[in-house]
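# Structural features, examined
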Amino acid sequence: MRILAFQKGNLMCSHHNVDRCPLRSSPNFVKMPKKSLHWFVLNNCDEDELKGYISEFKSESPESDLKTEFPPWFKRKIYRLERESPSDCTNELKALAHGPLDATSYTACIVNGVRFVVISRDLQRTTQNSGILTLGVDGTPFYGQLGDIIELHYLHGYSVVLFRGKWFNASLGNGRVISKKNMVVIDQS
């Protein structure tokens, strides 16, 4: 399974191979509506082809609300492309245009051999691995705790795994970040 690379707000998705998302806790959407999750994927996809469709939509409808009006426009556009030029319409585009079929929530996930565990499961253990780190565009480290792991299932067997995190203000010099021997501790008080 391959997942896209993006982070925005309290959701994050990393560009790695997901070995498995074991330990299913709930086979449905947990806290966010399907449309919001689908928009998050479309708006944060790194594929140039999708960015081209977003640019086309913006130029055709500059006053439109991108979040609510782009997904149905994109779906119509791809279905039209499939009818008129099937060889130009990939399964990936069709899957993205259609949107997620369903979603599964997990309490743990293994990415590139590293097991990530949501905080609610971690609280019951003596060893913990719900801490997450991502670098901002300027290289600034952002630290957080993993709140949810959501796998969106698409047509043709495609899927996207999203991580929802609780992020901490870890600005240098504020006394909240303690770094010792390759270990970072965030003072949450």
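Every chain is numbered on its own, with residues counted from 1 as its sequence reads. Given that this is a predicted model, residues contribute local features only at a pLDDT of at least 70 and side-chain atom pairs are listed and counted only at 80 or more, while totals for whole chains, interfaces and linings are drawn from all residues. Processing note: side-chain calculations cover all non-hydrogen atoms of the structure and skip hydrogens and water entirely.

### A short note on the overall build of the protein chain
By definition, any uninterrupted DSSP run of H or I lasting at least four residues is a helix, any uninterrupted run of E lasting at least two residues is a strand, and each is numbered from the N terminus. When helices and strands are tallied, the protein chain shows five helices and 12 strands. Sorting the 189 residues of the protein chain into buried and exposed places 39% on the buried side. Contact between two residues is taken to exist if any of their heavy atoms lie within 4.5 Å; hydrogens are not considered. Once local pairs closer than 6 in sequence are excluded, the contacts in the protein chain between residues at least 24 apart make up 56%. Using a 1.4 Å probe, the Shrake-Rupley method yields the accessible areas, and only the shown protein chains count as cover for residues. Total accessible area on the protein chain stands at roughly 11,100 Å², and carbon and sulfur atoms take up 51% of it. Residue exposure (1.4 Å probe, protein chains only): buried if accessible area is under 20% of the type maximum, exposed if over 50%, otherwise partly exposed.

### Examining the packing of aromatic side chains
Two aromatic rings from Phe, Tyr or Trp, using only the six-membered ring of Trp, form a pair when their centres are within 6.5 Å; if the ring planes differ by under 30 degrees the pair is stacked, by over 60 it is edge-to-face, and anything between is tilted. A full pass over the atoms with the stated rule returns seven aromatic pairs. Between Phe 70 and Trp 73 the ring centres are 5.7 Å apart and the planes differ by 35°, which places this aromatic pair in the tilted class. Placement of both Phe 70 and Trp 73 in helix H3 (residues 66-84) is noted, with a separation of three residues, approximately one turn of the helix. Note on accessibility: Phe 70 and Trp 73 belong to one class, buried. Look at Phe 70 and Phe 74: their rings are 5.4 Å apart centre to centre, the planes differ by 15°, and that puts the pair in the stacked class. Of this pair, Phe 70 and Phe 74 both sit in helix H3, separated by four residues, roughly a single helical turn. Phe 70 sits in the buried class, given a relative accessible area of 0%. For Phe 74, a relative accessible area of 0% puts it in the buried group.

### With respect to a negative patch on the surface
Nonpolar side chains (Val, Leu, Ile, Met, Phe, Trp, Tyr) are joined into patches within 5 Å and like charges within 9 Å, using only residues with over 30% relative accessible area and no salt bridge. We define a salt bridge as a contact between a side-chain nitrogen of Lys or Arg and a carboxyl oxygen of Asp or Glu at a distance within 4 Å. His is not counted here, nor are the chain ends, while Lys and Arg score as positive and Asp and Glu score as negative. A charge is said to be at NZ when it belongs to Lys, at CZ for Arg, at CG for Asp and at CD for Glu. A contiguous patch of negative charge, built from Asp 46, Glu 47, Asp 48, Glu 49, Asp 88 and Glu 92, is present on the exposed surface. With respect to the secondary-structure elements, Asp 48 resides in helix H2 (residues 48-60).

### Observations regarding the packing of H2 against H3
Contact geometry for H2 and H3: axes closest at 10 Å, N-to-C directions at 115°. On the basis of their axis angle, the class for H2 and H3 is roughly perpendicular. The chirality of how H2 crosses H3 is right-handed. Each of Leu 50, Tyr 53, Ile 54, Glu 56, Phe 57, Lys 58 and Glu 60 in H2 lies in contact with H3, whose residues at this interface are Leu 66, Glu 69, Phe 70, Trp 73, Phe 74, Lys 77, Ile 78 and Leu 81. We call Asp, Glu, Lys and Arg charged. Ala, Val, Leu, Ile, Met, Phe, Trp, Tyr, Cys and Pro are nonpolar, and the rest, Gly among them, are polar. Split by residue class, the contact of H2 with H3 holds 10 nonpolar, no polar and five charged. Orientation is described by axes fitted as lines to C-alpha atoms, over the contacting stretch for helices, and by angles from 0 to 180 degrees between their N-to-C directions. Just so you know how the angles are binned, under 35 degrees is roughly parallel, over 145 roughly antiparallel, 65 to 115 roughly perpendicular, and the rest oblique. Handedness of a crossing follows from how the near helix is turned relative to the far one, being left-handed for an anticlockwise turn of less than a right angle and right-handed for a clockwise one.

### Remarks on the confidence of the model for the protein chain
Taken residue by residue, the protein chain gives an average pLDDT of 76. The fraction at 70 or more is 74%. The lowest-confidence element of the protein chain is strand E1 (residues 6-8), averaging 34 in pLDDT; the highest-confidence one is H3, averaging 95. Below a pLDDT of 50 lies the segment residues 1-17, which in the model reaches 67 contacts outside its immediate sequence neighbourhood of four places, other chains included. Ignoring residues within four places in sequence, the model shows residues 22-29, a span with pLDDT below 50, making 27 contacts including any to other chains. Confidence of the prediction at every residue is given by pLDDT, a number between 0 and 100.

### A few points about H2
To estimate the expected span of a helix, count its residues, drop one, and scale the result by 1.5 Å. Over its 13 residues, H2 extends 18 Å from the first C-alpha to the last, a length consistent with the 18 Å expected when each residue adds 1.5 Å. Tucked into the core, H2 has its buried residues touching helix H1 (34-44), H3 and helix H4 (91-98).

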